[in-house]
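Each chain is listed here by its residues.
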Amino acid sequence: MSFNLKRVLFGKFCSLFAASLFTFVAGLTVLRETSSGFQFALVLLAGSVPRILLSPVAGVLADRWNRKRIIVMTESLSALVLFGLLLYSLQDPLHTVHYIVASVLLTSLSTFLSVTLSSSLPRLVEEDELQRGNALFSTIQSTSTITAPLVAGLLIATVSITQFLILPFLLFASAAWWNSRLRFLAVDTSPLATTDTPSFVSEFKEGYRYLFRQPVLTTLVLMAIVLNFFFVAFEILLPIILLDRLQFTPFRFGLVESALGAGLLVASLLLALPRFTVKRPLRTIFESLFLIASCYALPALALLGYVPSALLLPFFMILLFIDGMLVLRMNIPLQLIVQKQTDPAYLGRVIGVLESIAMAMMPIGTLLFGLLSDHVSIIVLLGVGTVGLFGAASFGFLRLRNDILSESIPVADAKNTSCLTS
């Protein structure tokens, strides 16, 4: 492994781990101090809206500015945000508004960092290390998802919020130092833009029109709108169930959250093996989706008292582990379909549109379910989410049933049809 790749990976881990620590503790602290699902939702919302709005801008700047400077600057500014919050906490207690402002700033900086770093990787490592670098990026992200809730849950139970803030501050500062030592292997000397280059808006519209001319992709987009609306509801309701209703300690809650990351990690490792190659992507998507919808309703069993108190922790850890595996089992085939069904000339724009549409539903679902959780029974909301997921899955299944059946056609025969093949 080259020194440059090691520097990228160390910086990536420090940054991801710091952001995950703060996000976990910010939401946990607000929920514990206010017992308000709506205020908890506002903190989560602050971590998603900037990414929706700033991703296109970040992409443009990454192509126009010095990328190393952007990377180091965003890491350094993130450290300054945490340092400022730390100094403020020495004078006065932190409230929801402080966590929201800090989350907005950190997410905004993270958006510029993520886009710039992803687009810089081919210039940071040799071509034969590129695939390995991308794979290690995914491993670091999964590892951070597993370990950050555990560490945060343990620390918040033993130290003050001021003492806790020292760790993410030092991690962001370390990430800035590691990234300052990066050496770009090549410089793009091509012109940044010409008078014939289409505007961002026109390219976005063209990709949008292309996407909705593809029947399978159109159906998947319509499903994604509904699915992400109800998926985000589970993210809101689960902490309320565990921390507020079932009185889990922060550490026990961290264990449950880590189980989700463990499920994602195990599924990614399994799907990387030839034995687990996805041969029928549409069928795999809908199998996973119907199973996820079934898992959505299971927390109600704990709220109704059907799960003994001694088994609550393993019950939710197993549930989140399975959910993580199913989510990745659904997402990987979805990526395969998008890549196979899309003209390479439109692939980037199609993926951008898909992500924009999917993320756009998150703030709406976050606000609505966060507000409803203060006034409506959690069991009722779980029921609504379960019905919504089953409804979206059934809608997509009925519209794509012929395509799903065609995946069983042998490749030699499928070449003579217009149906999707695996």
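As the structure is a computational prediction, the values presented were derived from the model and not from experiment. (Residues numbered from 1 in each chain as written. Predicted model: local features only at pLDDT ≥ 70, side-chain atom pairs only at ≥ 80, totals over all residues. Heavy atoms only, no water.)

S.K.: How would you explain the pattern of salt bridges if you had to name every residue and give the values?
M.R.: Under the defined criterion, the tally for this structure stands at 3 salt bridges. Note that Arg283 and Glu287 form a salt bridge whose closest N and O atoms lie 3.1 Å from each other. Of this pair, Arg283 and Glu287 both sit in helix α11 (residues 281-297), separated by 4 residues, roughly a single helical turn. Overall, Arg283 belongs to the partly exposed group, its relative accessible area being 42%. (Salt bridge = Lys/Arg side-chain N within 4 Å of Asp/Glu carboxyl O. Helix = DSSP H or I, 4+ residues; strand = E, 2+ residues; numbered from the N terminus. Buried < 20%, exposed > 50% of the residue type's maximum accessible area, 1.4 Å probe, protein only.)

S.K.: Can you tell me about helix α9 (residues 215-245), naming the residues and giving the values?
M.R.: Its 31 residues give α9 an end-to-end C-alpha distance of 44 Å, which sits within 8% of 45 Å, the value for a rise of 1.5 Å per residue. In terms of residue burial, α9 counts as a mostly covered element, since 22 of its 31 residues are buried. Downstream of α9 by a residue or two, Gln247 has a phi angle that is positive, lying close to 60°. (Expected span 1.5 Å × (residues − 1).)

S.K.: Can you break down the nonpolar core residue by residue, with the values?
M.R.: Phe22, Leu165, Leu242, Leu246, Phe248 and Phe316 are the most contacted members of the largest nonpolar core, which has 84 residues in total. With 17 residues, the top contributor of residues to this core is α9. In this structure Phe22 touches Leu82, Leu85, Tyr99, Ala102, Ser103, Leu106, Phe164 and Leu165, once residues within four positions along its chain are discounted. (Core = buried A, V, L, I, M, F, W, Y, C linked by side-chain atoms within 4.5 Å. Contact = heavy atoms within 4.5 Å.)

S.K.: Tell me about the confidence of the model for the protein, and please be specific about residues and values.
M.R.: For the protein, the average pLDDT comes to 77, and 77% of its residues sit at 70 or higher. With pLDDT under 50 throughout, residues 188-195 is counted as low confidence; its partners more than four residues away or in other chains account for 4 contacts. Across residues 410-422, where pLDDT falls below 50, the model places 13 contacts with residues more than four positions away in sequence or in other chains. (pLDDT = per-residue confidence, 0-100.)

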